[in-house]
Amino acid sequence: MDGVEDDATGPLDAIRDRLPSDPKSFVGPVIALAFTLFVFSEATEMSDFLQFTMIGIAVGSVYAISAAGLVLTYTTTGVFNFAHGAVGMVAAYIYFQTKVEFGWPTPVAMVVVIGILGPVVGLLLERVMRTFKGAGAGTTLTVTIALTVMLIGLMQTIYPDDQAARIVPSFFGSDRIVEIFGARLLWDQLFVMAVAIAVAIGLRYLLYVSRTGVAMRAVVDNPDLASLNGTNPVVIARFSWVLGSTLAALAGVLIAPGQGGLQAAIFAFAVITAFGAAVVGKLQSLPLTFAGALGLGVLQNWFNGIVLVNPDSVIYRLPEPIPWSSVGTALPGLFLLAALLFLPEQRLSVGRLVGRDEPRTPSLVQSAIGAVGFVFLVGVVSALMPSDYLTDAARAMVYGVLLLSLVVLTGFSGQISLAQYVFLGVGAWAMGSVGDGDNVLGLVAAAAVAVPLGALVALPALRLTGLYLALSTFAIAVASRELIFQNDNIYGVDNQVVGRLNLLGLDFSGNRVFIVLCAAIFAVVGVGVLAIRRSAFGRRLSAIRDSPAACATLGLDIRRTKLVVFCSSSAIAGLAGGLFGGVNASVGTIDFESVNNVVLFLFAFVGGVTTITGALIGGILFALLPLVQSESPQLAGVVF
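Residues numbered from 1 in each chain as written. Predicted model: local features only at pLDDT ≥ 70, side-chain atom pairs only at ≥ 80, totals over all residues. Heavy atoms only, no water.

(A) Quick peek at the overall build of the chain. Of the regular secondary structure elements, the chain holds 26 helices and six strands. Within the chain, the proportion of its 640 residues that are buried is 54%. For the chain, restricting intrachain contacts to residue pairs at least 6 apart in sequence, the fraction spanning at least 24 positions comes to 79%. In the form shown here, the chain has an accessible surface area of approximately 27,200 Å², with 65% of it arising from carbon and sulfur atoms. (Helix = DSSP H or I, 4+ residues; strand = E, 2+ residues; numbered from the N terminus. Buried < 20%, exposed > 50% of the residue type's maximum accessible area, 1.4 Å probe, protein only. Contact = heavy atoms within 4.5 Å. Areas by Shrake-Rupley, 256 points an atom, 1.4 Å probe, with all protein chains shown as cover.)

(B) Local environment of the packing of aromatic side chains. Under the defined criterion, the tally for this structure stands at 18 aromatic pairs. Measuring from centroid to centroid gives 6.2 Å for Y95 and F171, while their planes differ by 55°, and the two rings are tilted. In this pair, Y95 sits in helix α5 (residues 84–101) while F171 sits in the loop between α7 (137–158) and β1 (177–180), placing the two residues 76 residues apart along the sequence. Just as Y95 is buried, F171 falls in that class too. Ring centres 5.0 Å apart and planes at 55° place the aromatic pair F601 and F605 in the tilted group. Remark: F605 and F601 occur in helix α25 (residues 595–607); sequence separation between them is four residues, near one turn of the helix. The buried category is assigned to F601, whose relative accessible area is 1%. Residue F605 is classed as partly exposed on the basis of its relative accessible area, which comes to 23%. (Phe/Tyr/Trp six-rings, centres within 6.5 Å; stacked < 30°, edge-to-face > 60°.)

(C) Quick look at the side chain of D392. Considering the arrangement of structural elements, one finds D392 in helix α17 (residues 390–412). Residue classification places D392 among the buried positions, given a relative accessible area of 16%. At 3.3 Å, the side chain of D392 forms a polar contact with the side chain of R395. (Polar contact = N/O pair within 3.5 Å; in protein donor to acceptor, adjacent residues only side chain to side chain.)

(D) Local environment of the pairing of β1. Alignment of β1 against strand β2 (residues 183–186), held across four bridges, turns out to be antiparallel. If you follow I177 over to β2, its bridge partner there is L186. Connecting the antiparallel pair β1 and β2 is a turn made up of two residues, with F181 showing a positive phi of about 55°. (Pairing = 2+ DSSP bridges.)

(E) Quick peek at the side chain of S405. Here S405 is to be found in helix α17. Among the polar contacts listed, one links the side chain of S405 to the backbone oxygen of L402, at a separation of 2.4 Å. Beyond its immediate sequence surroundings of up to four residues, S405 is in contact with Q420, S569, I572 and A573.

(F) Fine view of α25. The terminal C-alpha atoms of α25, which comprises 13 residues, lie 19 Å apart, in line with the 18 Å expected from a rise of 1.5 Å per residue. With its phi angle positive at about 125°, G608 sits one or two positions after the end of α25. (Expected span 1.5 Å × (residues − 1).)

(G) Spatial organisation of the environment of A458. Mapped onto the secondary structure, A458 falls in helix α19 (residues 440–461). Among the residues examined, A458 registers a relative accessible area of 0% and is labelled buried. Each C-alpha atom, one on A458 and one on F566, is 5.9 Å from the other, the two residues being 108 residues apart in sequence.

(H) α19, seen in detail. The terminal C-alpha atoms of α19, which comprises 22 residues, lie 32 Å apart, in line with the 32 Å expected from a rise of 1.5 Å per residue. The axis of α19 is deflected most strongly, by about 25°, at V451, and proline P452 appears within four residues downstream. Within the span of α19, buried status applies to G442, L443, A445, A446, A447, A450, L453, G454, V457, A458, P460 and A461. (Bend = angle between axes of the 7 residues up to and from the residue.)

(I) Spotlight on the packing of helix α21 (residues 511–534) against helix α22 (residues 536–546). Direction vectors running N to C along α21 and α22 enclose 70°, while the axes themselves pass 4 Å from each other. Viewed along their axes, α21 and α22 adopt a mutual orientation that is roughly perpendicular. Side by side, α21 and α22 meet where I532, R533 and R534 of the first sit next to A536, F537, G538, R539 and L541 of the second. Looking at the contact of α21 with α22, its residues break down into four nonpolar, one polar and three charged. (Axes fitted to C-alpha atoms, helices over the stretch in contact; angles between N-to-C directions. Parallel < 35°, antiparallel > 145°, perpendicular 65-115°, else oblique. Nonpolar A, V, L, I, M, F, W, Y, C, P; charged D, E, K, R; others polar.)

Below, the structure written as structure tokens:
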């Protein structure tokens, strides 16, 4: 292995080589940092400023531990583990069970959760992902999303009670405080910082001193060459998964005492902070990842401690309509989006999303006949269906329309979006806001309002692909939840009332006729989607999905094509939003949680993301979730 040790360059070396060598390139960031420090220091007393900074470092230390495990797994296996946060969530629940319910001593509970549960989960994940070795980024992303949803459902099934009953106590108590340079810190916070330092030193030793670390770096650069030198890539991948899951479990246990109460979905997707830190390190550099995590923790605490708490601060004097509390909560998503936008464009090719085989596209006549037959069949079924299931049937049709937006975007062009629920929510708001909330103008407005938002979401897509595009759209979904759906200036304190369409004197307020209306809209949109596939624009989308580089070589305007397909997809999702509000006569902030975007994407692949039938199947399965939960209370937490 000596030769490997001398010649191998790991992720840290690769990033160092790509850092700009011109000192002028650092002027902008340094000025921005200095300005930020000046503004925040002017906004509060220096002692408070130091206090906020130190607490932010403690919070960022947890982010750094979680992000380090994520980067380590991705760098050595090529799989971005979307379930990383879910692993930490499971660890937090088991720690609560052993520490609080069983009364085990804290060290024993931590050893069991971090030292046993973490590695076991890592081995299981490695075995699952080994099945998909060589698969594209879309496949591995979908599998880890499925694992995320499964783990959330598992914990919700085992722990169905209110999260207020699951309070994880602090490690050393809330009364043990130490003062450092005028800043008062809890022992827990010092403990977290010490653990983060130990993790950083340990990873440095592992990667650059130990033989295992050298082998890991060699496998990253050239697995075939490493195999010839006696390194087993499977063993290395297994070790990486074990270490990554152990770090996820460690982060979950460390952050659990500060949550106030464990809630599976929220805890699992708190990993968005780790995503942002990992992207700062370009999913390769552990030092940059740690720096990004600490920076995010400090920035978040500055904002929450100065802007939100101190009403006399400089920042707080900005215009009042801005929902500053929502901005503070949305900071992790905004941070991730900003980090993605600064990635070098030439480093963003991550492979193909869907397979090359495409289903046969029916002609216009065939699709029109099929659409009429489908509407007739739905009408017959709705007439015979028990009244208790009519709402679920209408919801299935609406979800089918929503999934058609992913057929155009993901199935045809290979672009990933984890933000379709944003367009759905905006469309529902527009439908309820225009006219009386029940006329055709509202439905048109629902589709139209989503288009400029789709163009905004498309901006990252003009330079990002695959995994990075998925992360950017998910960041937008997380930020939109706080800035749009939790914003009283948009959705208000009460739910948005949305009616059912009244068209040309025809009243569709009845459940059975509303189902037929939704089915008719699904059929019309489906015919239009098939027309797109047959058109020259559809062929351009397929070409971009197959080989963006070849399309650029041939002179195809890829940016314009991406912009158009994102706008088209958002219009379809907005149209679905106009119908979505009519299902329950109103919508509220709880209807548009960011986790729904992830589950929706999963069901798009389950049904079939390239076909109209697949969108219908996915919509039906997605709509069945509340029905299964209501019919089987013991499965109330199962969301897969």
